[in-house]
Amino acid sequence: MVDLDPAPSFASLIQRFFVDYLGKQRAVSPRTIAAYRDTFRLLLGFAEASIGKAPSAFALADLDAKLILGFLDHLEESRKNSVRSRNARPAALRSFLKYAAHYDLTALAGIERALAVPMKKFDRPLLGFLTRPEMQAILDAPDAATWAGQRDRVLFSVLYNTGARVSEAITLRVGDVVTDISPTVHLRGKGRKERSMPLWWPTATLIRDWKRQLPNLRDDSFLFPGRNGAALTRSTVTQRLALAVAAAANVHPKLADRSISPHTIRHTTAMHLLQSGVDIAVIALWLGHESTTTTHMYLEADLSMKERALGRLQPPETKAARYRPPDQHGRQRPHVTYRINRVET
């Protein structure tokens, strides 16, 4: 009789999943590991409150479809996450369950049911983007007389020029930017994909002047540091942009009623490229999209291009007709023209 190895505990599986599988075998980015870590931290907190299982007592069998569905509803209803944010969490759970299926065969049936939990459908709103005057007002809003204002002006200019994600911009190093003969910035995007983006000369001039303000001008220094020299965080960039938008609203009052994030600048870059006649495949390369399918959402958002296309199409010659209801026998009433004789008095 062959002795089977006992199934590993949940604690052992989760440790091996993060250290060996994600860290060594797949070598995923630190941001992905952090996102997966936050998902399990929220899940274990929910499990302790809902089924009374402390993280130290949690088992793989407890991670069933019912618990996952309850967890996702909790994110949406209690934590007020959007459906899009809710749908991002199961990626960590699916990856872990597929990994765990290789090491605990007794849990295969439960894992199969858990993996069958569907994504929740949601309405995709039209992309928000800024007009050219609005974007220019935001770029001019930071106070150039202050160190932080100079940094913000250069940062927002780089975001608009390159269409970079905020995570790509805040990790830029001094050595990633060339401002001489052919101004270029080297970005590191999702999946460790790298792309080089050309810079306008005004943007390159801003960066060149900004580099003189940096306390440590080394190639490995952050291009957009905080006061302590560390890289800016996403939340800090969002807060600084909110200040710029509030100042720009004095010129364009409609900005005060809109929700504008750093990603809005990325959408704005794509829309302005599209409106300038740049091919959709080039825009996909510009934004670092793996497929042009992702980029096609910008085509759906550009109402002005649709209006120009409609202007090239002549409307059909449709004659207006008056509706004549049928009589009591269902027959169409004949068209009768009534003439009113004017009576002279």
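Higher on the page you've got the structure.
This section reports on the structure supplied with the text. Note that the coordinates shown come from a computational prediction; the quantities given were computed from them, not determined experimentally.

Rules used in this analysis
- Residues numbered from 1 in each chain as written.
- Predicted model: local features only at pLDDT ≥ 70, side-chain atom pairs only at ≥ 80, totals over all residues.
- Heavy atoms only, no water.
- Core = buried A, V, L, I, M, F, W, Y, C linked by side-chain atoms within 4.5 Å.
- Buried < 20%, exposed > 50% of the residue type's maximum accessible area, 1.4 Å probe, protein only.
- Helix = DSSP H or I, 4+ residues; strand = E, 2+ residues; numbered from the N terminus.
- Contact = heavy atoms within 4.5 Å.
- Salt bridge = Lys/Arg side-chain N within 4 Å of Asp/Glu carboxyl O.
- Pairing = 2+ DSSP bridges.
- Phe/Tyr/Trp six-rings, centres within 6.5 Å; stacked < 30°, edge-to-face > 60°.
- Lys NZ or Arg CZ within 6 Å of the ring centre and 35° of its normal.

**Concerning the nonpolar core**
So, point 1. Residues Ile138, Leu155, Leu223, Phe224 and Leu255 are the most contacted members of the largest nonpolar core, which totals 47 residues.
So, point 2. Looking at this core, the elements that each hand over two or more residues are α7 (132-140), α8 (147-162), α9 (166-170), β2 (184-188), α10 (201-211), α11 (234-248), α12 (262-275) and α13 (280-287).
So, point 3. Counting residues per element, this core draws most heavily on α8, which supplies eight residues.
So, point 4. If we ignore the near neighbours within four places in the chain, the residues touching Leu255 are Leu130, Glu134, Ile138, Val245, Ala248, Ala249 and Ile260.
So, point 5. In this structure, Phe10, Leu22, Leu63 and Phe96 belong to the second largest nonpolar core, which totals 32 residues.

**Focus on the pattern of salt bridges**
So, point 1. Per the stated rule, a full pass over the model turns up 15 salt bridges.
So, point 2. Residue Lys24 is joined to Asp20 by a salt bridge in which the shortest nitrogen-to-oxygen separation is 4.0 Å. You can see Lys24 and its partner Asp20 sitting in helix α1 (residues 10-25), four residues apart, about one turn around the helix.
So, point 3. Put simply, Arg188 and Asp176 hold a salt bridge, and the shortest N to O gap is 3.0 Å. Note that Arg188 is positioned in strand β2 and Asp176 in the loop between α9 and β1 (177-178), a separation of 12 residues in sequence.

**With respect to the environment of Ala100**
So, point 1. Topologically, Ala100 is positioned in helix α5 (residues 90-100).
So, point 2. Sequence-distant contacts of Ala100, that is, excluding residues within four places in its chain, are made with Leu13, Leu60 and Ile111.

**Some points on the pairing of β2**
So, point 1. Sheet topology note: the β1/β2 ladder contains two bridges and is antiparallel. Following the sheet pairing, Val178 is matched in β2 by Thr184.
So, point 2. In this structure, the hairpin formed by β1 and β2 is closed by a connection of five residues.
So, point 3. Two strands pair when backbone bridges link them, and β2 and strand β3 (residues 194-198) are joined in this way by five bridges, in the antiparallel orientation. When the sheet's bridge partners are listed, Thr184 is paired in β3 with Pro198.

**A look at the sheet that holds β3**
So, point 1. Reading across from one edge, β1-β2-β3 is the order of the three strands in this open sheet, with antiparallel pairing throughout. Each edge of the sheet is formed by a strand with only one pairing partner; in this case those strands are β1 and β3.

**So, the environment of Thr32**
So, point 1. Relative to the elements of secondary structure, Thr32 occurs in helix α2 (residues 30-50).
So, point 2. Residues Thr32 and Ala92 lie 60 residues apart in sequence; the distance between their C-alpha atoms is 9.1 Å.

**Notes on the packing of aromatic side chains**
So, point 1. This structure, assessed with the given rule, holds 15 aromatic pairs.
So, point 2. Here Phe17 and Phe18 contribute two aromatic rings whose centre-to-centre distance is 5.4 Å and whose plane-to-plane angle is 80°, an arrangement assigned as edge-to-face.
So, point 3. Overall, the relative accessible area of 0% leaves Phe17 in the buried class.
So, point 4. Counting every residue linked through ring pairs, the aromatic cluster contains Phe10, Phe17, Phe18, Tyr21, Tyr36, Phe40, Phe58, Phe96, Tyr99 and Tyr103.
So, point 5. When the ring centre of Tyr103 is taken as reference, the NZ or CZ atom of Arg16 above it lies at 4.7 Å.
So, point 6. When the ring centre of Phe222 is taken as origin, the NZ or CZ atom of Arg173, which lies over that ring, is 3.9 Å away.

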